[in-house]
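The residues making up each chain are set out below.
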Amino acid sequence: MQGSLLPDDAGSHPPRHHDDLAPRLAVVITVFVLVGYFSVAVTYVVDGNRSGKTVDAAMLGLALLPMTVLLCLQMLHSFPGLAPRLSGARRWTLALQALLTFAPFAVFKHAWLGMPGFLAGSSLLLLAPALAWPAFAAILLCTDVLLFQVGFGWGQVAYTTVSTALTGLVVFGLSRLSGLVTEVSRSRAELARLAVAQERLRFSRDVHDLLGYSLSTITLKCELVHRLVPRQNSRAQQELAEILQTSRQALADVRAVASGYRKMSLSAEAATARSMLAAAGISATAEIDCGPLPELVDTVLASVLREGLTNVLRHSKADHCAIEARRNGRQVWLTLVNDGVGRPSTILRADTTDGGSGIGNLRVRVENLGGRLCAGVRPDGWFELRAELDVSADAPPRSGGRAPGSEEEYGPGPTVTA
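All figures in this text were calculated on a predicted structure; none of them were measured in a lab.

**What about the overall build of the protein chain?**
Counting its secondary structure elements, the protein chain contains 14 helices and seven strands. Counting all 418 residues of the protein chain, 39% fall into the buried class. The long-range share in the protein chain, meaning contacts at least 24 apart out of those at least 6 apart in sequence, stands at 73%. Approximately 22,500 Å² of the protein chain is accessible, and the part contributed by carbon and sulfur atoms is 61%.

**A word on the UniProt feature "transmembrane region" (unreviewed entry) in the protein chain**
Residues given the UniProt feature "transmembrane region" (unreviewed entry) here are residues 25–46, 58–80, 92–112, 124–151 and 157–178. Annotated as 71% helix and 0% strand, the span residues 92–112 places its first and last C-alpha atoms 22 Å apart. In residues 124–151, helix accounts for 86% and strand for 0%; the two terminal C-alpha atoms are 29 Å from one another.

**Brief notes about the side chain of Thr-167**
Turning to its location among the elements, Thr-167 is positioned in helix H9 (residues 154–228). One polar contact links the side chain of Thr-167 to the main-chain carbonyl oxygen of Ser-163, over a distance of 2.9 Å.

**Focus on the pattern of salt bridges**
Under the criterion given, the structure shown has ten salt bridges. Glu-190 is the partner of Arg-193 in a salt bridge, and the nearest nitrogen-oxygen pair spans 3.2 Å. In this pair, Arg-193 and Glu-190 both sit in helix H9, three residues apart, roughly one turn of the helix. Overall, Arg-193 belongs to the partly exposed group, its relative accessible area being 37%. Residues Arg-326 and Glu-324 are paired through a salt bridge, measuring 2.8 Å at the closest nitrogen-oxygen approach. You can call Arg-326 partly exposed: its relative accessible area is 23%. Taken together, the salt bridges that share partners define one network made up of Glu-287, Asp-289, Glu-324 and Arg-326.

**Looking at the packing of helix H7 (residues 116–126) against helix H8 (residues 129–149)**
Packed helix pairs are characterised by how far apart their axes lie and by the angle those axes make with each other. The interhelical angle for the contact between H7 and H8, taken along N-to-C directions, is 170 degrees, at an axis separation of 8 Å. For the element pair H7 / H8, the angle class is roughly antiparallel. Both H7 and H8 take part in a crossing whose hand is right-handed. Where H7 approaches H8, its residues Pro-116, Leu-119, Ala-120, Ser-123 and Leu-124 are matched on the opposing element by Ala-132, Trp-133, Ala-135, Phe-136, Ile-139 and Thr-143. Split into classes, the residues belonging to the contact of H7 with H8 amount to nine nonpolar, two polar and no charged.

**A closer look at the environment of His-315**
Mapped onto the secondary structure, His-315 falls in helix H12 (residues 295–315). Taking C-alpha positions, His-315 is 8.4 Å from Val-341, a pair spaced 26 residues apart along the chain.

**Observations regarding the packing of aromatic side chains**
Taken as a whole and judged by the stated rule, the model has four aromatic pairs. Aromatic side chains Tyr-37 and Phe-118 sit 6.2 Å apart centroid to centroid with 85 degrees between the ring planes, which places their arrangement in the edge-to-face category. Pair noted here: Tyr-37 is in helix H3 (residues 17–48) and Phe-118 is in helix H7, with a separation of 81 residues, a long-range link. Arranged with centres 5.7 Å apart and planes meeting at 65 degrees, the rings of Trp-133 and Phe-136 form a pair that is edge-to-face. With Trp-133 and Phe-136 both in helix H8 and three residues apart, this pair spans about one turn of that helix. What makes Trp-133 partly exposed here is its relative accessible area of 45%.

**Points about the sheet that holds strand S3 (residues 283–289)**
The strand order S3-S4-S5-S7-S6 describes an open sheet built from five strands, whose pairing is mixed. One side of each edge strand has no neighbouring strand; the edge strands of this open sheet are S3 and strand S6 (372–377). Each neighbouring strand pair of the sheet contributes to a mean axis angle of 10 degrees, computed without reference to strand direction. Note that strand S5 (residues 331–338) and strand S7 (residues 383–390) share eight bridges and pair antiparallel. Considered in S7, the bridge of Val-337 is made with Glu-384. Lying on the sheet, helix H13 (residues 359–368) is in contact with S6 and S7; it crosses S6 at an angle near 150 degrees.

**Here's the deal with a nonpolar patch on the surface**
A cluster of nonpolar residues, Leu-65, Val-69, Leu-96 and Leu-99, forms a patch on the protein surface that exposes about 360 Å² of accessible area. When residues of the nonpolar patch are traced back to their parent elements, those giving at least two are helix H4 (57–78) and helix H5 (90–102). Positionally, Val-69 belongs in helix H4. The partly exposed category is assigned to Val-69, whose relative accessible area is 32%.

**Some thoughts on the pairing of S6**
When S6 meets S7, the two strands line up antiparallel, connected through six bridges. Of the residues in S7, the one forming a bridge with Leu-373 is Ala-387. With antiparallel pairing between neighbouring strands as the criterion, S6 and S7 make up a hairpin whose turn holds five residues, including Gly-381 at a positive phi of roughly 90 degrees.

So, how was this worked out
- Residues numbered from 1 in each chain as written.
- Predicted model: local features only at pLDDT ≥ 70, side-chain atom pairs only at ≥ 80, totals over all residues.
- Heavy atoms only, no water.
- Helix = DSSP H or I, 4+ residues; strand = E, 2+ residues; numbered from the N terminus.
- Buried < 20%, exposed > 50% of the residue type's maximum accessible area, 1.4 Å probe, protein only.
- Contact = heavy atoms within 4.5 Å.
- Areas by Shrake-Rupley, 256 points an atom, 1.4 Å probe, with all protein chains shown as cover.
- UniProt positions renumbered as here; feature names shortened; annotations may be inferred.
- Polar contact = N/O pair within 3.5 Å; in protein donor to acceptor, adjacent residues only side chain to side chain.
- Salt bridge = Lys/Arg side-chain N within 4 Å of Asp/Glu carboxyl O.
- Axes fitted to C-alpha atoms, helices over the stretch in contact; angles between N-to-C directions.
- Parallel < 35°, antiparallel > 145°, perpendicular 65-115°, else oblique.
- Left-handed = near helix turned anticlockwise from the far one by under 90°.
- Nonpolar A, V, L, I, M, F, W, Y, C, P; charged D, E, K, R; others polar.
- Phe/Tyr/Trp six-rings, centres within 6.5 Å; stacked < 30°, edge-to-face > 60°.
- Pairing = 2+ DSSP bridges.
- Patch = residues over 30% accessible without salt bridge, like charges linked within 9 Å, V, L, I, M, F, W, Y side chains within 5 Å.

Okay, here's the thing in structure tokens:
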């Protein structure tokens, strides 16, 4: 049953080659365009250093060295993943690119006019918006001043200004597009993983809730009949013994399935939630400050967070989401709030049928541990999901409640001999 409903190979590991194709193609196109633009810049140097019909090889070799360094710097700026350790030194690499962009004008003059466009694109990529566009304009202005110094007229300067601006915008646009395609691909993979994990959790709870009690009842009644049937009725004794053995095995299987996906960690789920929300374009904050928790409390709170996060993606279009878990003495509480009330989701499609899980299922699980779960829209318009539990909930639950998967819920496993 488990294998037919939840095929691990089909659900846990979706085909990756289709998902990887778009990011790779975006990277290849961006690299091709950048190398192409630098090749055009090399032709400017070649044309600017012709002596009659020959090229000054020494000057060309001198130009290729800083151009190669500039190409490497541009690749680092366009693809930050190439050198993540340099992420804190981006402004230094941008300063080095600026130096290598403007200093060679003193030697190569107008032959170097192909370089400022890349610096303009890098400024848009690395600087904050408040600084990026002023820096972009300053680079164009400095380029114009240098071109006037080397003897260009107004018409040539205007043409070069437009060409430099277009080069910078193309470099910026392609680099950002490549990064966005990669982020979208990662977001899709994370959403698929979350959907599979959510379906496994739902399957575990439903099997646990729907079949556990029934199988326990069947087992106990079979044991009772087994004891009541006269000993001389050997055929009935044999049949009942086989039924009892089968029900015991089924009950053990249900317990194994129900507990197989049950152990969860609130801190791990919070880290995954923050990463996934960021990949989906939702500004997220997570503050988990409740210390180590009993296993059952940790699992239930992690389940509340996972279900609440799924509802955020499925039933709303949130821009901001906040996760907070605090502990005060023996009480621990978890809150998940978002500002997507009243806006339909564009990430996951909401279910049209009630599968018996969701907030109602979570409320039962929390209340079985003596806690409280509430959900609703706050006065400020944000939706809040809040769960409160006693950290001693790993001890026997309150009167009338059963801890999921415990012996109290299923009943003790009957032991009889045929």
